Amino acid sequence: MVPKRITVCDTRPTYNLRVFAFFNSLPPFSSREDMAEEDSNGAVEGLPPPPPVPPDFTPAKTELEPVKKKVLRVPMARRGIGNKGQKIQILTNHFKVNVTNVDGHFFHYSVALFYEDGRPVDGKGVGRKVLDRVHETYDTELAGKEFAYDGEKSLFTIGALPRNKMEFTVVLEDMTSNRNNGNSSPGGHGSPNDNDRKRLRRPYQSKTFKVEISFAAKIPMQAIANALRGQESENSQEALRVLDIILRQHAAKQGCLLVRQSFFHNDPKNFVDVGGGVLGCRGFHSSFRTTQSGLSLNIDVSTTMIIQPGPVVDFLIANQNAKDPFSLDWAKAKRMLKNLRVKTSPTNQEYKITGLSDRPCREQLFTLKQKGKDMDGEVQTTEITVYDYFVNHRNIELRYSADLPCINVGKPKRPTYFPIELCSLVSLQRYTKSLSTFQRSSLVEKSRQKPQERMQVLSNALKINKYDAEPLLRACGISISSNFTQVDGRVLPPPKLKTGNDDFVPRNGRWNFNNKRLVDPMKIERWAVVNFSARCNIQGLVSDLIKCGKLKGIMVEDPFDVFEESPQVRRAPPLVRVEKMFEQVQSKLPGAPKFLLCLLPERKNCDVYGPWKRKNLAEYGIVTQCIAPTRVNDQYITNVLLKINAKLGGLNSMLTVEHSPSIPMVSKVPTIIIGMDVSHGSPGQSDVPSIAAVVSSRQWPSISRYRASVRTQSPKVEMIDNLFKRVSDTEDEGIMREALLDFYVSSGKRKPEHIIIFRDGVSESQFNQVLNVELDQIIEACKFLDEKWNPKFVVIVAQKNHHTKFFQPNDPSNVPPGTIIDNKVCHPRNYDFYLCAHAGMIGTTRPTHYHVLFDELGFSADDLQELVHNLSYVYQRSTTAISVVAPICYAHLAATQMGQWMKFEDTSETSSMRGGVTNAGPVAVPQLPKLEEKVSSSMFFC
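What counts as what
- Residues numbered from 1 in each chain as written.
- Predicted model: local features only at pLDDT ≥ 70, side-chain atom pairs only at ≥ 80, totals over all residues.
- Heavy atoms only, no water.
- Helix = DSSP H or I, 4+ residues; strand = E, 2+ residues; numbered from the N terminus.
- Buried < 20%, exposed > 50% of the residue type's maximum accessible area, 1.4 Å probe, protein only.
- Contact = heavy atoms within 4.5 Å.
- Areas by Shrake-Rupley, 256 points an atom, 1.4 Å probe, with all protein chains shown as cover.
- Pairing = 2+ DSSP bridges.
- Right-handed = clockwise from strand over helix to strand, strands pointing away.
- Phe/Tyr/Trp six-rings, centres within 6.5 Å; stacked < 30°, edge-to-face > 60°.
- Lys NZ or Arg CZ within 6 Å of the ring centre and 35° of its normal.
- Expected span 1.5 Å × (residues − 1).
- pLDDT = per-residue confidence, 0-100.
- Polar contact = N/O pair within 3.5 Å; in protein donor to acceptor, adjacent residues only side chain to side chain.
- Axes fitted to C-alpha atoms, helices over the stretch in contact; angles between N-to-C directions.
- Salt bridge = Lys/Arg side-chain N within 4 Å of Asp/Glu carboxyl O.
- Parallel < 35°, antiparallel > 145°, perpendicular 65-115°, else oblique.
- Left-handed = near helix turned anticlockwise from the far one by under 90°.
- Nonpolar A, V, L, I, M, F, W, Y, C, P; charged D, E, K, R; others polar.
- Arc of directions from axis to C-beta.

### Details of the overall build of the protein chain
Link 1 in the chain: Scanning the protein chain from N- to C-terminus turns up 19 helices and 43 strands.
Link 2 in the chain: For the protein chain, the proportion of its 942 residues judged to be buried stands at 51%.
Link 3 in the chain: Of the contacts formed within the protein chain by residues at least 6 apart in sequence, a portion of 72% connects residues at least 24 apart.
Link 4 in the chain: Surface summary for the protein chain: the accessible area is close to 46,000 Å², and the carbon and sulfur share equals 49%.

Here it is, written out as structure tokens:
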């Protein structure tokens, strides 16, 4: 038995007493029965008394092992602001907010809604109507308090309500929407007749609601002032959330569609048709922000997609591009219409579509209850068609519905049918599917605004919204300036670039390769052309490539052959077309080609693109360039050659500081630059795996050459979960291992001592996960390769999805390329800045918002901002500065391209493996095939 350690129990430090030899002389235990037993009080029986403590004994201090507690990283504080560049005055769409009532409190109450029979209310949209009625009916009981309701389960007041728990009962007479293009409900009954009305009654149409309001928390308004001093807390975030909820409620009362903090009025002047029965609806984003210069209201133009309101048939014809209702695909129509809201004529009652009838209107039967009763007192019923009922019983003329399906607004077992021509789609219903290429380009073209136009629209929006009249904002002592905030900007000088025969400085963020040779041109040899039925002068195209390549320093050999797609294969599935083309190539070429130029018939979304790329890159390791030539000129040929050269391992241009090399913190110590992005499936595609891409620099001290690793992960998961993936004591199959080993091999067997990470696509609420989950995985991957290796890290998040815009006062053009802002509208504590690296040619420039979360290298503000600016000039695909650093752009391209590889797997076995949940439980996410070794470190995404 191991003796118990004797300790002195005291409030002073703990000490051990030396254990005497007596314990070693105890006889060994031969069985459990020989062991001393404890009585019920825990006292040990059967042991001899401990030996006496000698008088000269000195206690020895116990060294307590420190408990290893993981220190969570938080975003770093700003170290200073930059000074480089030419000073420039800039206006921004932040409007200064004054708050006078900082001593008050917001009171948070939980809201629970129930039907009369006690069932909880789960339908969205009814909450606001119920709470509005509570406010009207029980004003005295609420002590005249105004409240802000979030539409779900939270309600906020300024100052407390009379009691901590309150219960109310309210009655709603009408549940119709106020989004009906101004048509008010003419007080009629909501369904064909009273018998039908009973059948139609859905849960949310119950008239009586019970409301329970109970105290949840108290939030000091002082927390807002603390946040402005950089002391952010849960209270300050909650207090700002309350202010944003007040804005949402203010918009809801005006009948707006709410999409997070963006609000859309039901005004046809704000609608633009983008085709396919879809409208772009222009509205406003409005939110409170804490900044270095105090609280501000950020207002910006926002656009969402909505379904074309009006007759259902008109929408379906536009959506399917059909010539009339009789040529519609009704299976597709059923999927499209499900859950949309319609108003029925002539009663103007509103319903949600649950489906379509199986049979046409003139054949679809339902059971009609008769007014009288039979001799046994039973209600008489008769079978009647929907068409007969509406035409003969209701005397409603139907012009074209007889041979079309009916709209079903009932339940699966109790359908309720309306002829389709009596149904009109309610306005402001969001369209959440992904837009086609045509719709997207149409939206961009119709919704872009020049800077001065946008400023005018935003000034008007502030007036229209009348925030000064909002009683809750007044109660907070909030007043909002009507002037754009003025900030001090700087224009950074463009970096000097190097080509094969020239060093030059780009002008206005642009340059060209006229009379210039590429800095590292490749030879295009052992190549061929494949043509997937594109109409094109192929001989002319090849001749232009050879001639233009010679001018740029690229030696282009004559192609081995041109492979034309057989006319019989043109209408075959994409996978078959690709297979047949490869059979041709293999049968005629003497060996594997190094490069294939692929001509496609369509510029965007060509079905062949994904399978073709996959076949070349994953199976054969062949570099390929796809083009869909329409207008071929020198500029077009040059752009194609830039992409081909980068893919083959060449370099088009580079920074002169990269060549010298003299980039602070990067050129003197081996440094790897990482770009990370996650691409998700289209909205509504909840089962499509997300794709994580990590791009990494190679051949240090270059910062212009990159390679990519791409993995699938669970749908809609933003954090990358494959950075480190330990599969055994010696094996790591994670993304970072690939990147680090490639850097080591390509950089003269040097390990990176500095790792600079650019992360795209995460919001402020996910910064801590980037720092404590993703960064931890990267550190683990480093340690797994070498336990003693301790590289230093910089972590920077780039955001494009924000609403801060910059304008030049008294100048109609966009801010110049290189404009940087790191004051006034930036975070009161954290290290962030805005950069417009590119020349905004169309619409209003959207700056990139960079957040420096972590910096162990100790960059100065100027050096770090200059590095970020320089990385906007190393993008090999174009001759312009780009709006976000090249590694992030490349990561996005790599994720998008490899996402195309999975596009046509629906028809193969992997369609049953889609990530998500089935009846059998979670499903494994299908893995992407690996790149063939010859192209695994290439810029295949370029």
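### Structural notes on the pairing of strand β36 (residues 754–760)
Link 1 in the chain: With seven of its seven residues buried, β36 lies for the most part within the structure.
Link 2 in the chain: Burial along β36 is two-sided: H754, I756, F758 and D760 facing one way and I755, I757 and R759 facing the other are all buried.
Link 3 in the chain: Two strands pair when backbone bridges link them, and strand β33 (residues 671–679) and β36 are joined in this way by six bridges, in the parallel orientation. Note that in β36 the partner of T671 across the bridge is H754.
Link 4 in the chain: Where β36 meets strand β37 (residues 792–799), seven bridges bridge the pair, whose relative direction is parallel. Directly across from I757, in β37, lies its bridge partner V795.
Link 5 in the chain: Between the parallel pair β36 and β37, the chain is carried across by helix α17 (residues 767–785), and the sense of this crossover is right-handed.

### Details of the packing of aromatic side chains
Link 1 in the chain: If you walk through the whole model with that rule in mind, you get 22 aromatic pairs.
Link 2 in the chain: Each ring, one from F107 and one from F215, has its centre 6.1 Å from the other, and the planes form 50°; the classification is tilted. Residue F107 is located in strand β4 (residues 105–115), and its partner F215 is located in strand β8 (residues 208–220); the two are separated by 108 residues in the primary sequence.
Link 3 in the chain: Residue classification places F215 among the partly exposed residues on the basis of a relative accessible area of 36%.
Link 4 in the chain: Ring geometry for F532 and W612: centres 5.5 Å apart, planes at 80°, overall edge-to-face. Of this pair, F532 sits in the loop between β27 (527–531) and α11 (538–552) while W612 sits in helix α13 (residues 609–620); the two residues are 80 residues apart in sequence, bridging distant segments of the chain.
Link 5 in the chain: Its relative accessible area of 0% is what places F532 among the buried residues.
Link 6 in the chain: Three or more aromatic residues joined by ring pairs form one cluster here, namely Y351, F366, Y389, F390 and F418.
Link 7 in the chain: Of note, R362 hangs over the ring of Y387, and the distance from its end group to the ring centre comes to 5.7 Å.

### Concerning helix α1 (residues 126–137)
Link 1 in the chain: For α1, which comprises twelve residues, the first-to-last C-alpha distance of 17 Å matches the rise-based estimate of 16 Å (1.5 Å per residue) to within 8%.
Link 2 in the chain: Those residues of α1 not exposed but buried are V126, G127, R128, V130, L131 and V134.

### Some thoughts on the environment of P405
Link 1 in the chain: Assignment of secondary structure puts P405 in strand β20 (residues 405–408).
Link 2 in the chain: Residue class for P405 comes out buried when judged on its relative accessible area of 12%.
Link 3 in the chain: Not counting residues up to four positions away in its chain, the partners in contact with P405 are W330, L356, S357, R359, P360 and I420.

### What about the confidence of the model for the protein chain?
Link 1 in the chain: Residue-level pLDDT values for the protein chain average 87, and 87% of them are 70 or greater.
Link 2 in the chain: Across residues 1–45, where pLDDT falls below 50, the model places 44 contacts with residues more than four positions away in sequence or in other chains.
Link 3 in the chain: Ignoring residues within four places in sequence, the model shows residues 180–204, a span with pLDDT below 50, making 57 contacts including any to other chains.

### Things to note about the side chain of N645
Link 1 in the chain: Mapped onto the fold, N645 is located in helix α14 (residues 634–647).
Link 2 in the chain: Separated by 3.4 Å, the side chain of N645 and the backbone oxygen of D520 make a polar contact.
Link 3 in the chain: Once residues lying within four places of it in the same chain are set aside, the contact partners of N645 are L518, D520, P521, M522, I554, G650, L651 and N652.

### Side note on the sheet that holds β27
Link 1 in the chain: Ordered by their spatial adjacency, four strands build an open sheet running β29-β27-β30-β31, and the pairing between neighbours is parallel. The open sheet has two edge strands with one neighbour each: β29 (562–564) and β31 (623–627). Each adjacent strand pair in this sheet contributes to an overall mean axis angle of 20°, direction not counted.
Link 2 in the chain: Along the sheet, α11 makes contact with β27, β29, β30 (595–599) and β31, crossing β27 at roughly 145°.
Link 3 in the chain: Where α14 meets the sheet, it contacts β30 and β31, and its direction lies at approximately 155° from that of β31.

### Focus on the sheet that holds strand β25 (residues 503–504)
Link 1 in the chain: Ordered by their spatial adjacency, three strands build an open sheet running β25-β24-β32, and the pairing between neighbours is antiparallel. Because the sheet does not close on itself, it has two edges, and the strands there are β25 and β32 (654–655).
Link 2 in the chain: Bridge analysis of strand β24 (residues 497–498) against β25 gives two bridges, and the strand direction is antiparallel. Bridging across to β25, L497 finds its partner in F504.

### Digging into the side chain of N616
Link 1 in the chain: Position of N616 among the secondary structure elements: in helix α13.
Link 2 in the chain: For N616, a relative accessible area of 0% corresponds to the buried category.
Link 3 in the chain: From its side chain, N616 meets the backbone oxygen of W612 in a polar contact 2.8 Å long.
Link 4 in the chain: With residues up to four places along the chain from it excluded, the contact list for N616 reads F582, L596, G621, I622 and T624.

### Focus: the pattern of salt bridges
Link 1 in the chain: A full pass over the atoms with the stated rule returns 32 salt bridges.
Link 2 in the chain: A salt bridge links R78 to D832; the nearest nitrogen and oxygen atoms lie 2.5 Å apart. Here the residue R78 occupies a position in the loop between β2 (60–61) and β3 (86–99), and D832 occupies one in strand β40 (residues 831–836), the gap between them amounting to 754 residues.
Link 3 in the chain: Residue class for D832 comes out buried when judged on its relative accessible area of 3%.
Link 4 in the chain: Between D403 and R362 there is a salt bridge whose closest N-O contact spans 2.9 Å. Here D403, found in the loop between α7 (386–393) and β20, pairs with R362, found in the loop between β17 (355–360) and β18 (365–373); they are 41 residues apart in sequence, far enough to count as distant.
Link 5 in the chain: Owing to a relative accessible area of 42%, R362 belongs among the partly exposed residues under this scheme.

### Remarks on the packing of helix α5 (residues 312–320) against helix α6 (residues 330–337)
Link 1 in the chain: Put simply, α5 and α6 touch, their axes get as near as 11 Å, and they point 115° apart. In terms of their interaxial angle, α5 and α6 are classed as roughly perpendicular. Considering how the two elements wind past one another, α5 and α6 form a crossing that is right-handed. Judged by residue contacts, V312, F315, L316, N319 and Q320 of α5 engage W330, K332, A333, M336 and L337 from α6.
Link 2 in the chain: When the residues that make up the contact of α5 with α6 are grouped by side-chain class, the tally is seven nonpolar, two polar and one charged.

### Side note on α11
Link 1 in the chain: Helix length check: α11, at 15 residues, gives a terminal C-alpha distance of 21 Å against a target of 21 Å (1.5 Å per residue), a fit within 8%.
Link 2 in the chain: Every buried residue of α11 is accounted for by I538, L541, V542, L545, C548, G549 and K552. The arc that holds the buried residues of α11, viewed along the axis, is 140°, so those residues lie on one side. Those residues of α11 that are exposed and aimed more than 90 degrees away from the buried face are Q539, K547, K550 and L551.
Link 3 in the chain: The positive-phi residue at the C-terminal boundary of α11 is G553, with phi of around 95°.

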